[in-house]
Amino acid sequence: MIDVAIIGGGPAGLSAGLYATRGGLKNVVLFEKGMPGGQITGSSEIENYPGVKEVVSGMDFMEPWQEQCFRFGLKHKMSEVKKITKDNGIFGIHLADGSVEQAKAVIFAAGGSPKRANLKGENEYWGKGISTCATCDGFFYKDQEVVVLGGGDTALEEAIYLSRICSKVHLIHRRNEFRAAPSTITHAKNNEKIHFITPAVIEEILGDSSGVSGVRIRHTDSNETEVISVYGLFIFVGYDVNTATLKQDDGSMLCECDEWGSVKVDLSMKTSVEGLFAAGDVRTQASKQVVCAAGDGATAALSAIAYLEHK
């Protein structure tokens, strides 16, 4: 039987595997249907991870993680997990091939992904001027103009953050009303660097071999179009957490989740189900930063070790 089953091979899952195996657990299995690394492997540049002074791609950044995290005996099972259940104190890891693995504890680190806006040019320039993280990529546009797409709390909060770095932030939203908290809307509208463009939609992302060079927008009230010349476009139209595997046959979730579907945890990464821990972007109020996901994974592993020692 598996001591700890880790679901997801991103920074949180790999860090959990490192700490669990180095902490003395002998049978720790990482379930990841592809090569470990997570969505950060799709990032073109990383320069804000402590201790890594070079600017590297996400793929190059994650490569040494695998070697280090598997050094102490972490096993990788390249299988897709379809469902996680718990019966008589034992977790069932239901795999796509129909088999079921049993585990004493589970660290759920399946992550999530920002929603795409399905814009013309989005796939072509994704990661080449298109970003979903102002904290990660805002610095690349210091003293430049950028565009933010979205009308929720995240879009407005990230626009405010970018206004501290960029010379001007064009905030585009399809409606005049915003879904953000009233205080956030007031804060953004009182910010002289944020230029509200509503109601409007982006019709096309423009660019060349160097990346994004601008966006063509259409004002939906007048049907007029214009081009805004920018090198950076930040898209905040929602975020999907990968919690489908926690859904049970009766439609309920294995553990308690918040209104957005993220897993509720305490400071020890414990969920509402004993022996089930969650780490990284899948947990509630995650900051969606690699360094934070790694910390979550380490914390979850230490909590899992303590749980097994007391069980």
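None of these values were measured; they are calculated from a predicted model.

Brief notes about the state of the cysteines
Throughout this description, disulfide means a covalent bond between two cysteine sulfur atoms.
Link 1 in the chain: Taken as a whole, this structure holds one disulfide when the rule is applied.
Link 2 in the chain: Here Cys133 pairs with Cys136 through a disulfide, and the sulfurs are 2.2 Å apart. Disulfide Cys133-Cys136: torsion about the S-S bond near 70°, hence right-handed.
Link 3 in the chain: Here Cys69 is not cross-linked by a disulfide; its sulfur's nearest cysteine counterpart is in Cys292, at 17 Å.

What to know about empty space enclosed by the protein
Link 1 in the chain: Per the stated rule, a full pass over the model turns up one cavity of 30 Å³ or more.
Link 2 in the chain: Estimates place the volume of the largest cavity at around 30 Å³.
Link 3 in the chain: What lines the largest cavity is Gly280, Asp281, Arg283, Ala286, Ser287, Lys288, Gln289, Cys292, Ala293 and Asp296.
Link 4 in the chain: Looking at the lining of the largest cavity, its residues break down into three nonpolar, three polar and four charged.

With respect to the pairing of strand E1 (residues 2–7)
Link 1 in the chain: Across the six residues that make up E1, a large majority, six, are buried.
Link 2 in the chain: Where E1 and strand E6 (residues 100–108) come together, five bridges link them in parallel fashion. Across the sheet, residue Ile2 finds its bridge partner in E6, namely Ala103.
Link 3 in the chain: Bridge analysis of E1 against strand E2 (residues 28–31) gives four bridges, and the strand direction is parallel. Within E2, the position partnered with Ala5 by the bridge is Val29.
Link 4 in the chain: The parallel pair E1 and E2 is bridged by helix H1 (residues 11–22), and the resulting crossover is right-handed.

Digging into the pattern of salt bridges
Link 1 in the chain: Scanning the model with the defined rule gives nine salt bridges in all.
Link 2 in the chain: Here Lys83 and Asp249 are joined by a salt bridge, their closest N and O atoms 2.7 Å apart. Here Lys83 is found in strand E4 (residues 81–87), whereas its partner Asp249 is found in the loop between strand E16 (239–241) and strand E17 (276–278), with 166 residues between them in sequence.
Link 3 in the chain: A relative accessible area of 18% places Lys83 in the buried class.
Link 4 in the chain: Classification of Asp249 by relative accessible area gives exposed; the value is 71%.
Link 5 in the chain: One salt bridge connects Lys264 with Glu256, and the closest N-O pair in it is separated by 3.2 Å.
Link 6 in the chain: On the basis of relative accessible area, Glu256 is assigned to the partly exposed category, the value being 42%.

Criteria and thresholds
Residues numbered from 1 in each chain as written. Predicted model: local features only at pLDDT ≥ 70, side-chain atom pairs only at ≥ 80, totals over all residues. Heavy atoms only, no water. Disulfide = S-S within 2.5 Å. 1 Å grid on protein atoms, 1.4 Å probe; cavity = no way out; pocket = protein on both sides within 12 Å on 5 of 7 lines; lining within 4 Å. Points joined across faces, edges and corners; volume = space filled by probe spheres on them. Nonpolar A, V, L, I, M, F, W, Y, C, P; charged D, E, K, R; others polar. Buried < 20%, exposed > 50% of the residue type's maximum accessible area, 1.4 Å probe, protein only. Helix = DSSP H or I, 4+ residues; strand = E, 2+ residues; numbered from the N terminus. Pairing = 2+ DSSP bridges. Right-handed = clockwise from strand over helix to strand, strands pointing away. Salt bridge = Lys/Arg side-chain N within 4 Å of Asp/Glu carboxyl O.

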